[in-house]
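# Architecture and fold: a report
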Number of protein chains: 2
Amino acid sequence: MRAVVIHGPGDIRVEDRDYPELKLPTDALVRVTAACVCGSDLWPYRGVRPTEKPRAIGHEFVGVVEKVGDAVSTLASGDFVIAPFVVSCGNCPSCRNGVTVACSHRAAWGGEDEHGHYVDAGQGEAVRVPLADGTLVRVPGVTEPEAALAASLLTLSDVMATGHHAAVSAKAGPGRSVVVVGDGAVGLCGVLAARRLGARRIIAMSRHADRQALAREFGATDIVAERGADGARKVRELLGGVLADSVLECVGTKESMDQALRCTRPGGSLGYVGVPTGGPELPIGVLFAKNISVAGGMAPARTYIPELLEDVLAGAIVPGRVFDVEMPLEDAPEAYRAMDERRAIKVLLRP
Amino acid sequence: MRAVVIHGPGDIRVEDRDYPELKLPTDALVRVTAACVCGSDLWPYRGVRPTEKPRAIGHEFVGVVEKVGDAVSTLASGDFVIAPFVVSCGNCPSCRNGVTVACSHRAAWGGEDEHGHYVDAGQGEAVRVPLADGTLVRVPGVTEPEAALAASLLTLSDVMATGHHAAVSAKAGPGRSVVVVGDGAVGLCGVLAARRLGARRIIAMSRHADRQALAREFGATDIVAERGADGARKVRELLGGVLADSVLECVGTKESMDQALRCTRPGGSLGYVGVPTGGPELPIGVLFAKNISVAGGMAPARTYIPELLEDVLAGAIVPGRVFDVEMPLEDAPEAYRAMDERRAIKVLLRP
């Protein structure tokens, strides 16, 4: 089969790999119908995180179950499924606590499962999914979703679940004012999630016309293009002299965290989901004095998918709109370039 | 009048000061009937925080209103009142948001109000209280509380409100397992607050028999004397293989924060109230990977007092038990020594 492999900074190739086989009775084999490139895939692509040796890449995909192992009870071949961005069992204490990203049996796409078997990455034609009952979410009543629906379902793998995690962590909800730092796909999904949770006022910080437009479509009531102290001043002005109740940090750099802290009112809540990259530790003195609470981290997508899925199937949210470009899997190198150069918000890859 | 003045590390004196007068129509004059020494008073006493010049000290007191300015509407002379550890107006956005410690008109005891008038500190015979309606809480139906009640009322000034803030910030509540790091007066009040909020299991980390006993009296179900990795292992063992849902950090050092993080389960909540002293910034990588939320900071005592007061007056909680020593104000130097040397948990000073 064909799969995307990263060899080093800027070096993305599409290569031949063995078609996966079931290895364990708890496995499922999924034929990928859509995958995509994550903002966090750009860290190794840009060399910000090292690539020790060539490895298959991609952790977001949807597809059709081809085969299941004997111990799989909730899935059957032909089911259309969403894969969250990590493998989780569904039974350990962390899974039962809803923190599936801390599953005791956790495995990463493109890594190994707990038994040492290779797990395919998401940007490829097929994936062996360990702990399939715990990991995959079946989409009820759908076998071949049309393109727009498939795109929205694919966002539940990571980007929409992550935007939702930022919004939940920042306590976005009725009566709350919200600022979203970061106009990437996660930030835009954060806007959508904040609106879905009922936030009163949603300020998207963005300097790009196309992203501003999508932010407005997703529910942003205001756009702030300024940054730093100017940006915070603008937020305060828009909110009648007070900073925001809820701030979503959706980038993961020192600058974005600073921006988020500057925009949070005393006693406010900061939800962060940007993978910390070169970012500083959190300044406890600032948090202490302003009584700012900080929550977030890696989104437990598996936990959130059922609730978000319901709204996607009902058409209440259309997070698939974050995909502004679609390419065949073979064009993955160009997909990475387009996202790296910010010519695309998020690229959907079709194997 | 007599008041406690810090001159430098280890140098506490009781000196003569002018008896305060009303300066503004929003002021009240309070005759202090009980004050106390805070763990945070030990930072300048130990030289961890500098003392530039001699200054009156103390930010926890209760007493009787002697006089009020013309603009004070909720208080009258003869009222018994609790003073939270900062002055707040009650009307600005932060006060309305319940974050009184970030009040726009905030002033500190022993500092100056926003008009540049001196504000007496709490360890003295009398205090001019600015913004009295916003700041003070009248104790209904009480004019001369007996000693035990007065001690419990005094804890609402800071220590019990702060323990409560730690518990609330850590989401202690029904069904939750709780670890309290720090067996000082704040940590012990954190135990009491966690029990009051309905926590299922409360583990106090303490190595001192007297503090362990009080922790048990306040509702601790278990005591862990071990620290570091051993302490966390013990917690995990007591909780059946999982770390705690809620952890209260009640010290403010690098070590105590590390301990707190080690004891928090993935997806758990850490509430911190220890004044950060030499502590590090929060390690965002750990928080991100474990999905730990962090909240707390300076307790909005003014916001919490009414609800806690009700339980104190009903006898449902007796936080005054944290005072294991009582001395006349004149013995303040010995009070500081006793707390510094950990011979006393918390000393009540009677002017």
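Just so you know, these numbers come straight off a predicted model, no measurement behind them. (Residues numbered from 1 in each chain as written. Chains lettered and ligands numbered in written order. Predicted model: local features only at pLDDT ≥ 70, side-chain atom pairs only at ≥ 80, totals over all residues. Heavy atoms only, no water.)

Right, let's get into the domain arrangement of chain A. Residue and element names in this part refer to chain A. Its domain assignment divides chain A into domain 1 (2-158 + 300-350) and domain 2 (162-296). When each unit is reduced to the centre of its C-alpha atoms, the spacing between domain 1 and domain 2 is 27 Å. Contact residues are listed per partner, giving 21 residues for domain 1 and 22 residues for domain 2. Considering only the surface of domain 1 that becomes buried against domain 2, Tyr304, Arg342 and Ile345 emerge as the three largest contributors, covering 32% of it. (Domains from an automatic or database assignment. Contact = heavy atoms within 4.5 Å. Buried area = accessible area lost by both parts, 1.4 Å probe.)

A separate point is the interface of chain B and chain A. A common measure of how large an interface is: the accessible area buried when the components associate. Each partner contributes to the interface: chain B provides 32 residues, whereas chain A provides 32 residues. In this assembly, chain B packs against chain A so that about 2,700 Å² is buried in total across both faces, 66% of it on carbon and sulfur atoms. The largest per-residue losses of area from chain B upon contact with chain A belong to Ile284(B), Phe288(B) and Asn291(B), which jointly make up 27% of the total buried on that side. The interface formed by chain B and chain A holds zero salt bridges in total. Linking chain B to chain A there are ten residue pairs in polar contact (both at pLDDT 80 or more). Within the residue set of the side of chain B that touches chain A, elements represented by two or more residues are helix 2 (93-96), strand 13 (264-272), helix 10 (284-290) and strand 14 (293-296) of chain B. Among the residues making up the side of chain B that touches chain A, the classes are represented as 21 nonpolar, nine polar and two charged. (Salt bridge = Lys/Arg side-chain N within 4 Å of Asp/Glu carboxyl O. Polar contact = N/O pair within 3.5 Å; in protein donor to acceptor, adjacent residues only side chain to side chain. Helix = DSSP H or I, 4+ residues; strand = E, 2+ residues; numbered from the N terminus. Nonpolar A, V, L, I, M, F, W, Y, C, P; charged D, E, K, R; others polar.)

With that out of the way, let us pick up the sheet that holds strand 1 (residues 2-8) of chain B. All names here are of chain B. Strand order in this open sheet of three strands is 2-1-4, and the pairing throughout is antiparallel. Only two strands of the sheet have a single partner each, and these edge strands are strand 2 (11-16) and strand 4 (55-56). With two bridges joining them, strand 1 and strand 4 adopt antiparallel strand pairing. Within the sheet, the bridge partner assigned to Val5 lies in strand 4 and is Ala56. Against the sheet, helix 12 (residues 332-340) makes contact with strand 1 and strand 2, and its axis sits at roughly 155 degrees relative to strand 2, the strand it touches most. (Pairing = 2+ DSSP bridges. Axes fitted to C-alpha atoms, helices over the stretch in contact; angles between N-to-C directions.)

We now examine the environment of Glu15(B). Residues and elements named next belong to chain B. With respect to the helices, strands and loops of the structure, Glu15 is situated in strand 2. Once the C-alpha coordinates of Glu15 and Asp120 are considered, the two residues, 105 residues apart in sequence, prove to be 13 Å apart. Ignoring any residue separated from it by four or fewer positions in sequence, one finds Glu15 in contact with Met1, Arg2, Ala3, Val5 and His7. A distance of 2.5 Å separates a polar atom in the side chain of Glu15 from a polar atom in the side chain of His7.

What follows concerns the sheet that holds strand 1 (residues 2-8) of chain A. Residue and element names in this part refer to chain A. Spatial ordering of the open sheet is given by 2-1-4, a layout of three strands whose pairing is antiparallel. The open sheet terminates on both sides in strands that have one partner only, identified here as strand 2 (11-16) and strand 4 (55-56). Relative to strand 2, strand 1 is paired through six bridges, and the arrangement is antiparallel. If you follow Ile6 over to strand 2, its bridge partner there is Ile12. Where helix 12 (residues 332-340) meets the sheet, it contacts strand 1 and strand 2, and its direction lies at approximately 155 degrees from that of strand 2.

Overlaying chain B with chain A gives an RMSD of 0.0 Å, the required rotation being 180 degrees about an axis along which the chain moves by 0.0 Å. Those values place the two copies in the arrangement expected of a two-fold rotation axis. Looking at the interface residues of chain B, 100% of them are also at the interface in chain A, so both copies use one shared face. (Least-squares fit on C-alpha atoms with pLDDT ≥ 70 in both.)

One face of the sheet, then the other: side chains in a regular strand alternate in exactly this way. Residue and element names in this part refer to chain A. Most of strand 12 (residues 244-249) sits inside the fold, with six of its six residues counted as buried. As judged from the four bridges shared by strand 9 (residues 177-181) and strand 12, these two strands associate in the parallel manner. The residue of strand 12 that forms the bridge with Val180 is Leu248. Where strand 12 lies against strand 13 (residues 264-272), five bridges are found, and the strand directions are parallel. Opposite Val247, over in strand 13, you have Leu270 as the bridge partner. This β-α-β element, strand 12 to helix 9 (residues 254-263) to strand 13, shows right-handed connectivity. (Buried < 20%, exposed > 50% of the residue type's maximum accessible area, 1.4 Å probe, protein only. Right-handed = clockwise from strand over helix to strand, strands pointing away.)

This part covers helix 5 (residues 159-169) of chain B. Structural remark: α-helix, 3.6 residues per turn; residues separated by three or four positions point the same way. All names here are of chain B. The buried fraction of helix 5 amounts to ten of the eleven residues, a majority that puts the element mostly inside the structure. Those residues of helix 5 not exposed but buried are Val159, Met160, Ala161, Thr162, Gly163, His164, His165, Ala166, Ala167 and Ser169. On the buried face of helix 5, the contacting elements are helix 4 (147-155), helix 6 (185-196), strand 12 (244-249), strand 13, strand 14 and helix 11 (301-313). Remark: Lys171 follows helix 5 within two positions and exhibits a positive phi of approximately 60 degrees.

Turning to the side chain of Ser177(A), a few remarks are in order. Assignment of secondary structure puts Ser177(A) in strand 9. If we ignore the near neighbours within four places in the chain, the residues touching Ser177(A) are Arg200(A), Arg201(A), Leu239(A), Leu243(A), Ala244(A), Asp245(A) and Ser246(A).

All right, on to the state of the cysteines then. All names here are of chain A. Scanning the model with the defined rule gives zero disulfides over all chains in all. Free cysteine Cys92: the closest other cysteine sulfur is in Cys95, separated by 3.8 Å. For Cys92, a relative accessible area of 5% corresponds to the buried category. Unpaired in terms of disulfides, Cys263 finds its nearest cysteine sulfur in Cys250, a separation of 12 Å. Judged by its relative accessible area of 0%, Cys263 is buried. (Disulfide = S-S within 2.5 Å.)

The next subject is the packing of helix 6 (residues 185-196) of chain A against helix 7 (residues 209-218) of chain A. Residue and element names in this part refer to chain A. Contact geometry for helix 6 and helix 7: axes closest at 8 Å, N-to-C directions at 20 degrees. In terms of their interaxial angle, helix 6 and helix 7 are classed as roughly parallel. With respect to the hand of their crossing, helix 6 and helix 7 are arranged in right-handed fashion. Facing helix 6, whose interface residues are Leu188, Cys189, Val191, Leu192 and Arg195, helix 7 presents Arg211, Leu214, Ala215, Glu217 and Phe218. Looking at the contact of helix 6 with helix 7 residue by residue, the classes come out as seven nonpolar, no polar and three charged. (Parallel < 35°, antiparallel > 145°, perpendicular 65-115°, else oblique. Left-handed = near helix turned anticlockwise from the far one by under 90°.)

What follows concerns the nonpolar core. Among the nonpolar cores identified, the biggest contains 63 residues, and Val179(A) and Val179(B) are the most heavily contacted of them. Setting aside chain neighbours within four positions, we find Val179(A) in contact with Ile203(A), Met205(A), Val235(A), Ala244(A), Ser246(A), Val247(A), Leu248(A) and Cys263(A). (Core = buried A, V, L, I, M, F, W, Y, C linked by side-chain atoms within 4.5 Å.)

Before going further, it helps to examine helix 4 of chain B. All names here are of chain B. If you check which residues of helix 4 are buried, you get Ala150, Ala151, Ser152, Leu153, Leu154 and Thr155. Against strand 3 (28-36), strand 5 (61-68), strand 6 (80-83), helix 5, helix 11 and strand 16 (347-350) lie the buried residues of helix 4. The opening residue of helix 4, the one whose side-chain oxygen lies 3.2 Å from the backbone nitrogen of Ala148, is Glu146.

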